[in-house]
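Observations on the three-dimensional arrangement
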Amino acid sequence: MADSTTGPNPFEKLRSPLEVGGEKFSFYSLPGLKDKRYEKLPYSIRVLLESAVRNCDNFYVNESDVEKILDWEVNQSQNAEIPFKPSRVILQDFTGVPAVVDFAAMRDAVQRLGGDPEKINPVCPADLVIDHSIQVDVSRSADSLEKNQMLEFERNKERFVFLKWGAKALKNMLIVPPGSGIVHQVNLEYLARVVFSEGGLLYPDSLVGTDSHTTMINGLGIVGWGVGGIEAEAVMLGQSISMVLPEVVGYKLTSVPHPLTTSTDIVLTITKHLRSVGVVGKFVEFFGPGVSALSIADRATISNMCPEYGATVGFFPVDEKSLQYLRQTGRDESKIAQIEAYLRANGMFRNYNNEAQDPVFTQVIELDLSSVTPCCSGPKRPHDRVSVTDMKTDFGECLNTRAGFKGFGIPADKQASTVPFVYDGQEYTLRHGSVVIAAITSCTNTSNPTVMLGAGLLAKKAVEAGLRVSPYIKTSLSPGSGVVTYYLRESGVTPFLEKLGFDIVGYGCMTCIGNSGPLPEPVGEAIEKGDLVACGVLSGNRNFEGRIHPLTRANYLASPPLVIAYALAGRVDIDFESEPLGTNAEGKPVFLRDIWPSREEIHTVEEEFVIPSMFNEVYSRIQKGNERWNKLDAPEGMLYPWDDKSTYIQDPPFFQTMTKDLPKIQGIRDAYVLLNFADSVTTDHISPAGSIARNSPAARYLAGRGLTPREFNSYGSRRGNDAVMARGTFANIRLVNKFLAKPGARTLYLPANEEMDIFDAAERYKSEGKQVVILAGKEYGSGSSRDWAAKGPWMLGVKAVIAESYERIHRSNLVGMGIIPFQYKEGENATSLGLTGRETITVELPQNLQPGQLVTVQASGGKSFQVITRFDTEVELVYFRNGGILNYMVRKMLNNA
């Protein structure tokens, strides 16, 4: 991949020797710059600087880029563009399958255009974790884990075979087989290097990943964030990330948490706080003496939620506790010694109690940890924090408030509605606020032994007090790794969790991604009969409308112990102080305070049972695989033998019409508005996720291929089939399109004013040679960083989006697919400009288009206004001119041949 235009590194003089434990290493010494500005840099920016120094070749990375980063204090607010080469890439199989599909398709394209297809290989190390999404079809049984995993292996065998081909055909890619755990936790507990050693050269671990919660690794002092699968593929091919030098908000933590406070309470408090401050597109770096009171698992929980407070990273520099965690998780002592020696030598090791080490920040905000109280977030957004003491009142207000993020608009005479139903021969009653899903689910909290053991101890005390969870509530426990199973079992709490229905059902994204599985039929019928606001309570990080389950209109994020508490109560509108969870065998009331374990009690159990041997035993199996994985027979060869009959893996259309020569820039001409949105349309609304509805275009496609509904599987499992994913784009039942009165996956075909499925309307426009665009409000594309949230609209023919503002990763993904992200000028939007969405849109683009350039939109009916072209860097413009990142990479391979 080296270019003849690259030159020697002008900073080679900074390469210095370092001896650790008798071994000789070298590193690029940043203190060797002898520049006072370095001592003031935030620690996260030091990582960007080191990458620029080490990779400087005056072609991809210039000396001027190093100077820009060194002068961060001045340049942070100047939209200064810099390149960044992460040390590695991490993929989960949801996005890993499309990545490998794209690599296979790119090889085909390179061969078709006369190049060497073998050049399409990962250059940057890539770790792909198969943490396949598990549909919780079986729960509340001792063998639920085995049954769920067996079902998932049967459903996903074809894509597993494809990934196994990729592991052999693509160099420099590690595949972590299914059943090992969820990507973020495997990354934290096993894959994280903290410091790389390559050929004796030491340098910081850094990464990008194909999920927005890649930021979880920031808790261990590793700079990493989520990018789209499209951008990750370019990084794997050796391309730098082009980014704007970020502002860094210093978040100072003081004091220590209250004994009843969990890390979940802290992160939900921080999420709301930072949302109100406004940190979108910025780095957040934590400092202050309060950080020392937080374990690495606590810090990882806070970093995991970074996308919910909107920052690019939520970074905790490495300190002594980081090294302790590496020992606890079974890392090699000699490796830990290298990490410590390198970070100390390069001024990257932190003592949070030493104010003299505090860098300069763009802005400093503070939180007294002792002020944090137990809380949840909901009912529809992760940053809508509600104190547990206010939950009863808040839920009542949500029923009253008109439909919106904090309201359901239930008429006063319907708020006391109850619906009786019979389940397993016993009668129960549902009402507004009834809990029907309670899930301790993998992403945010299950890396944290404190909250997991806290949940286990609470379950033990609840069972001993004679409490139980109503059997109709869909309960589940999906740990992030096998280590969690190990310490729950060894500490003796597993039987008590199981007695309350929290059986381990698998390792992977489950309820948090909408794979809670079906509710019992009588429960679903009762909810629909009474038009009830039924509730889900989960320990995940996302609760956007329509994400968790179609029948749970209210969903609350909570700590694992609180998930169990609300399951025991059977409702969310409870005042735990004055109302009991239930009664014991003597008929006496049992309150939450009676069974809540103390922090000291939890830590005693944690110190005894969370030990290095557990991590070593669990992760030693990764290289060996498992029996099902090892039996898979994958194809051989450099090119993948596509099967036209496959409903899982298809050769995508992204490169089928591309040419070797660069096309001219094309504007927008007489485009119709496919969809007309207000604010906060998330990638959960855009990208196909969860189960495939039986009346959807995707279901009709699969039925036409001879599949029955039970074989449809989920959208996540079918991400390698563009025909399914295009039909599932914008298929969320809660999607609000201003063209229509009711939410749903429908729109108007404007020339005939005819309502139809979105996919069908897009196909009709396409067949008639008509372009389409999307109108949107603020925060378009917030949520998970899903590549199909950009690929899907591209396949629907969307040429541009005009929005008030964008979520960072989604805007980048749109650029990566060649879709133009236009942005209204400050203070303007569709309403203020008098747009109805029924206009046709024309935008002329100059051939010498510049980043951030203002261009004029001509709308039919005589309307005219200016918008900002949100290509933020020159590199993004290069991608757009090529029709997207991957097209650019194919042409680059051909031109370097």
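Our structure is the block above this text.
Residues numbered from 1 in each chain as written. Predicted model: local features only at pLDDT ≥ 70, side-chain atom pairs only at ≥ 80, totals over all residues. Heavy atoms only, no water.

Section: the overall build of the chain
- The helix and strand inventory of the chain stands at 32 helices and 34 strands.
- Taking 29 Å as the expected radius of gyration for a compact globule of 897 residues, we find that the chain reaches 27 Å, a close match to that expectation.
- Along the first, second and third principal axes, the C-alpha set of the chain runs to 80 × 75 × 55 Å.
- Burial status across the chain gives 63% buried among its 897 residues.
- Within the chain, residue pairs in contact and separated by at least 24 positions form 75% of the contacts whose partners lie at least 6 positions apart.
- Element-wise, carbon and sulfur atoms account for 49% of the exposed surface of the chain, whose accessible area totals about 31,400 Å².
- Separation between the mean location of the 92 positive side-chain charges and that of the 104 negative ones in the chain comes to 3 Å. (Helix = DSSP H or I, 4+ residues; strand = E, 2+ residues; numbered from the N terminus. Rg over C-alpha atoms; globule rule 2.2 N^0.38 Å. Buried < 20%, exposed > 50% of the residue type's maximum accessible area, 1.4 Å probe, protein only. Contact = heavy atoms within 4.5 Å. Areas by Shrake-Rupley, 256 points an atom, 1.4 Å probe, with all protein chains shown as cover. Lys, Arg positive; Asp, Glu negative; His and termini not counted. Charge placed at Lys NZ, Arg CZ, Asp CG, Glu CD.)

Some points on the environment of Gly816
- Take Gly816: it is sitting in helix α30 (residues 808–816).
- Separated by 52 residues in sequence, Gly816 and Arg764 place their C-alpha atoms 25 Å apart.

Some thoughts on empty space enclosed by the protein
- According to the stated counting rule, one finds 7 cavities of 30 Å³ or more in the structure shown.
- Considering only enclosed or pocket space, the second largest cavity measures out at about 150 Å³ in volume.
- At the level of secondary structure, the elements contributing two or more residues to the lining of the second largest cavity comprise α9 (263–277), α16 (449–464) and α22 (599–609).
- The biggest single contributor to the lining of the second largest cavity is α16, with 3 residues. (1 Å grid on protein atoms, 1.4 Å probe; cavity = no way out; pocket = protein on both sides within 12 Å on 5 of 7 lines; lining within 4 Å. Points joined across faces, edges and corners; volume = space filled by probe spheres on them.)

A word on the side chain of Arg381
- Secondary-structure assignment places Arg381 in the loop between β16 (375–377) and β17 (385–387).
- What makes Arg381 buried here is its relative accessible area of 17%.
- Engagement of the side chain of Arg381 in a polar contact is seen with the side chain of Asp384, the distance being 3.0 Å.
- In contact with Arg381, other than residues within four places in its own chain, are Phe405, Asn543 and Ser680. (Polar contact = N/O pair within 3.5 Å; in protein donor to acceptor, adjacent residues only side chain to side chain.)

Some thoughts on the sheet that holds strand β9 (residues 206–209)
- Spatial strand order, β6-β5-β4-β9-β10: 5 strands in an open sheet with parallel pairing. What marks the edges here is a single partner per strand, and that holds for β6 (173–176) and β10 (223–226). Geometrically, the sheet is characterised by an average inter-axis angle of 20° between neighbouring strands, direction not taken into account.
- In the sheet, strand β4 (residues 88–92) pairs with β9 via 3 bridges, with the strands oriented parallel. For Val89, the partnering residue across the bridge sits in β9 and is Val208. (Pairing = 2+ DSSP bridges. Axes fitted to C-alpha atoms, helices over the stretch in contact; angles between N-to-C directions.)

Considerations on the sheet that holds strand β14 (residues 313–315)
- Spatially, 4 strands are ordered β14-β13-β12-β15 in an open sheet, and the strand pairing comes out parallel. Lying at the two open borders of the sheet, with one neighbouring strand each, are β14 and β15 (363–368). The mean inter-strand angle of the sheet, taken between neighbouring strand axes irrespective of direction, is 20°.
- The pairing of strand β13 (residues 283–287) with β14 spans 3 bridges and is classified as parallel. The residue bridging Phe283 from the neighbouring strand is Val313, located in β14.
- Sitting on the sheet, helix α2 (residues 43–55) is in contact with β12 (248–254), β13 and β14, with an inclination near 125° to β13.
- Across the face of the sheet, α9 comes into contact with β12, β13 and β15 while running at roughly 150° to β15.

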